[in-house]
Amino acid sequence: MRRVAALALPALVVLAAEPLYVLVDTAVVGHLGRTQLAGLAIGGSVMSLAVWLGTVLAYGTTGRAARRFGAGQRADAVEEGVQASWLALAGGFTILLVLEAAAGPLSRALAGGPGDVAANAEHWLRIAALGAPGLMLGTAGNGWMRGVQDTRRPLYYVLAANALSAALCPLLVYPAGLGLIGSAVANVTAQTVVGLLFVRALVSERVALRPRPAVILNQLTLGRDLLLRGAAFQACFLSASAVAARFGVAALAAHQIAIQLFFFTALALDALAIAAQSLVGAALGGERVAEARFLARRITVAGLVAGGLFAGLVALALLAVRPWFGADAQVYAEARHAWWFFVAMMPAAGVVFALDGVFLGAGDVGYLRNLTLVSALGGFLPGIWLAYLVDAGLRGVWMALTLFIALRLIGLLHRLAGDRWAVAGAVR
């Protein structure tokens, strides 16, 4: 468990750094006015897609690199990072070109038509898109370095880049007089710096840096499965918001508060999943199947304990977050309908996130993809639209989310009990 903590805690700081910087950015831009803040919200939501794509690449790279590392093939593990970085660079420039071409139409569509908000979003997005290559390189770098169980250097890189950006943002927005554009320039600076730092880390490993199409193709295949899995998650959470909105403004406001807190807890539990990826992948790569199974069981228990602790915190938070609801008693009453389902699902969610990491580390991505799709299409989506048809309110929305977690938990525990996930060797 000390090994798990040594990997999970730095990963948690890295995961939290970006949301914390976004809060700083939002606070700075918020003083410019509501149209600038709305423009940042629209532009930021578009750029979050690039962050999601980068995260998918990082998760796929960690498992592959961890297997090589566990087999005593550190150079080959770093080679996975080289190929992931070429893939990230290509993806980053593709995102850059697409956003430069589509920034105007996208901004107007999301803003509900032309106007000051759309114009601000477009200007911010055109500048911020320049950071896409660095952003993608940074996520690929995080992926391979987690695979070789080096979580300290990524911690230093991400903190340094975000600290630089947090310092630059207010200076560029106000004294330099750039306004909203200053926020975008600060973002690009941070993403480019972090990308270059991870490239420097690759160069320092003294491995060949040429692209290898066969390895890149294998990574793309893995990425396809992870993208499909991620798309199922996006469909679930978008549907939850859409159905909550149909129950009224109070229900939607309460759902927004609860779901954001859920995302925060998911972020913390993801750090445990990252440690699981690295350790389980290394054990299987070194053909230590018994160790991988032992790690999987211990990490499952750790997930259960972490989920239980969060359940207690979430239960207490209903009182602590009362000011978030302002003076609106109806919003608070709606939140209470969702809150106890949220509390009840947390221990199961802790196990689900932990086992996601175990199976990602084992490279059992096809099973994770299928389980997520079945749980979403066969459980959550029918459940949530049934909740709408029978007018179950926000309680029905969170019942469906709880069902989604429960179905995934059953499928993951069933897989853990069998042998098919624990495939030994440097390559699955």
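The following paragraphs examine the structure supplied in this document. On a predicted model such as this, the values are computed, not experimentally measured, just so you know. (Residues numbered from 1 in each chain as written. Predicted model: local features only at pLDDT ≥ 70, side-chain atom pairs only at ≥ 80, totals over all residues. Heavy atoms only, no water.)

This part covers the overall build of the protein chain. Assigned secondary structure in the protein chain consists of 13 helices and zero strands. For the protein chain, the succession of helices and strands along the chain, N to C, is α-α-α-α-α-α-α-α-α-α-α-α-α. Its C-alpha radius of gyration of 22 Å places the protein chain within 12% of the 22 Å reference for a compact globule of 428 residues. Across its three principal axes, the protein chain shows a C-alpha extent of roughly 60 × 50 × 35 Å. (Helix = DSSP H or I, 4+ residues; strand = E, 2+ residues; numbered from the N terminus. Rg over C-alpha atoms; globule rule 2.2 N^0.38 Å.)

All right, on to the pattern of salt bridges then. If charged atoms from side chains of opposite charge come close, those side chains can pair. In total, this model carries 17 salt bridges according to the counting rule given. Linking glutamate 122 and arginine 126 is a salt bridge whose minimum nitrogen-to-oxygen distance equals 3.0 Å. One end of the pair is glutamate 122 and the other is arginine 126, both in helix α4 (residues 116-128) and four residues apart, which spans about a single turn. The exposure class of glutamate 122 is buried, given its relative accessible area of 18%. What makes arginine 126 partly exposed here is its relative accessible area of 27%. The salt bridge involving arginine 153 is made with aspartate 150; its shortest N-O contact spans 2.7 Å. The network of salt bridges with common partners includes Arg74, Asp150, Arg153 and Glu205. (Salt bridge = Lys/Arg side-chain N within 4 Å of Asp/Glu carboxyl O. Buried < 20%, exposed > 50% of the residue type's maximum accessible area, 1.4 Å probe, protein only.)

Topologically, glycine 195 is positioned in helix α7 (residues 180-204). With 57 residues separating them along the chain, glycine 195 and glycine 138 place their C-alpha atoms 4.6 Å apart. Excluding anything up to four places from it in sequence, glycine 195 contacts Gly134, Leu137 and Gly138. (Contact = heavy atoms within 4.5 Å.)

Here the focus is the packing of helix α2 (residues 34-70) against helix α5 (residues 132-147). Where α2 meets α5, the axes come as close as 7 Å, and the angle between the chain directions of the two elements is 25 degrees. Looking at the two axes, α2 sits roughly parallel to α5. For the crossing formed where α2 meets α5, the hand is right-handed. (Axes fitted to C-alpha atoms, helices over the stretch in contact; angles between N-to-C directions. Parallel < 35°, antiparallel > 145°, perpendicular 65-115°, else oblique. Left-handed = near helix turned anticlockwise from the far one by under 90°.)

Within the secondary structure layout, arginine 67 lies in helix α2. Of the buried charged residues, arginine 67 lacks a salt bridge, with glutamate 287 as the closest side chain of opposite charge at 8.3 Å. Ignoring any residue separated from it by four or fewer positions in sequence, one finds arginine 67 in contact with Gly281, Ala282, Leu284, Gly285, Gly361, Ala362, Val423, Ala424, Gly425, Ala426, Val427 and Arg428. (Lys, Arg positive; Asp, Glu negative; His and termini not counted.)

A separate point is the packing of aromatic side chains. In this structure the tally under the stated criterion is twelve aromatic pairs. An angle of 35 degrees between the planes, with centres 5.4 Å apart, marks the rings of phenylalanine 342 and tryptophan 398 as tilted. In this pair, phenylalanine 342 sits in helix α11 (residues 329-361) while tryptophan 398 sits in helix α13 (residues 393-417), placing the two residues 56 residues apart along the sequence. Tryptophan 398 matches phenylalanine 342 in its accessibility class, with the two residues each being buried. Of the aromatic side chains, those joined through ring pairs into one cluster are Phe237, Phe262, Phe263, Trp339, Phe342 and Trp398. The positively charged end of arginine 246 is found above the aromatic ring belonging to tyrosine 388, 5.9 Å away from the centroid. (Phe/Tyr/Trp six-rings, centres within 6.5 Å; stacked < 30°, edge-to-face > 60°. Lys NZ or Arg CZ within 6 Å of the ring centre and 35° of its normal.)

Before going further, it helps to examine the nonpolar core. Ranked by internal contacts, the top residues of the largest apolar core, which has 87 residues, are Val280, Ile299, Trp339, Val358, Phe380, Trp398 and Trp421. The biggest single contributor to this core is helix α9 (residues 249-285), with 20 residues. Beyond its immediate chain neighbours, meaning those up to four positions away, valine 280 contacts Ala292, Leu295, Ile299, Val358, Ala362 and Trp421. (Core = buried A, V, L, I, M, F, W, Y, C linked by side-chain atoms within 4.5 Å.)

Within the element layout of this structure, aspartate 419 appears in the segment after α13. Considering only alpha carbons, one finds aspartate 419 and valine 215, 204 residues apart in sequence, at a separation of 27 Å. Here arginine 293 takes part through its side chain, which lies 2.6 Å from a polar atom of the side chain of aspartate 419. (Polar contact = N/O pair within 3.5 Å; in protein donor to acceptor, adjacent residues only side chain to side chain.)

With that settled, the discussion passes to the packing of α4 against α7. The interhelical angle for the contact between α4 and α7, taken along N-to-C directions, is 25 degrees, at an axis separation of 8 Å. Between α4 and α7, the angle is such that the two are roughly parallel. α7 is crossed by α4, and the crossing has right-handed handedness. In this structure, α4 contributes Asn120, His123, Trp124, Ile127 and Ala128 to the contact, and α7 contributes Leu180, Ile181, Ser183, Ala184, Val185, Asn187, Val188 and Gln191. Of the residues assigned to the contact of α4 with α7, the class counts are eight nonpolar, five polar and no charged. (Nonpolar A, V, L, I, M, F, W, Y, C, P; charged D, E, K, R; others polar.)

Another point: a nonpolar patch on the surface. Together, Trp385, Leu386, Tyr388, Leu389 and Val390 make up a nonpolar patch on the protein surface, roughly 510 Å² of accessible area in all. Among the structural elements, tyrosine 388 can be located in helix α12 (residues 365-389). (Patch = residues over 30% accessible without salt bridge, like charges linked within 9 Å, V, L, I, M, F, W, Y side chains within 5 Å. Areas by Shrake-Rupley, 256 points an atom, 1.4 Å probe, with all protein chains shown as cover.)

Turning our eyes to something else, we now look at the side chain of aspartate 364. Secondary-structure assignment places aspartate 364 in the loop between α11 and α12. Accessibility expressed as a relative area gives 4% for aspartate 364, which makes it buried. Excluding residues within four positions of it along the chain, aspartate 364 makes contact with Phe359, Arg415, Trp421 and Arg428.

With that settled, the discussion passes to unusual backbone geometry. One non-glycine residue, glutamate 287, lies in positive phi territory at about 60 degrees. Tracing the sequence through the fold places glutamate 287 in the loop between α9 and α10 (289-320). Positive phi outside glycine occurs at aspartate 391, with the angle close to 55 degrees. Looking at the secondary structure, you find aspartate 391 in the loop between α12 and α13. For aspartate 391, a relative accessible area of 59% translates into the label exposed.

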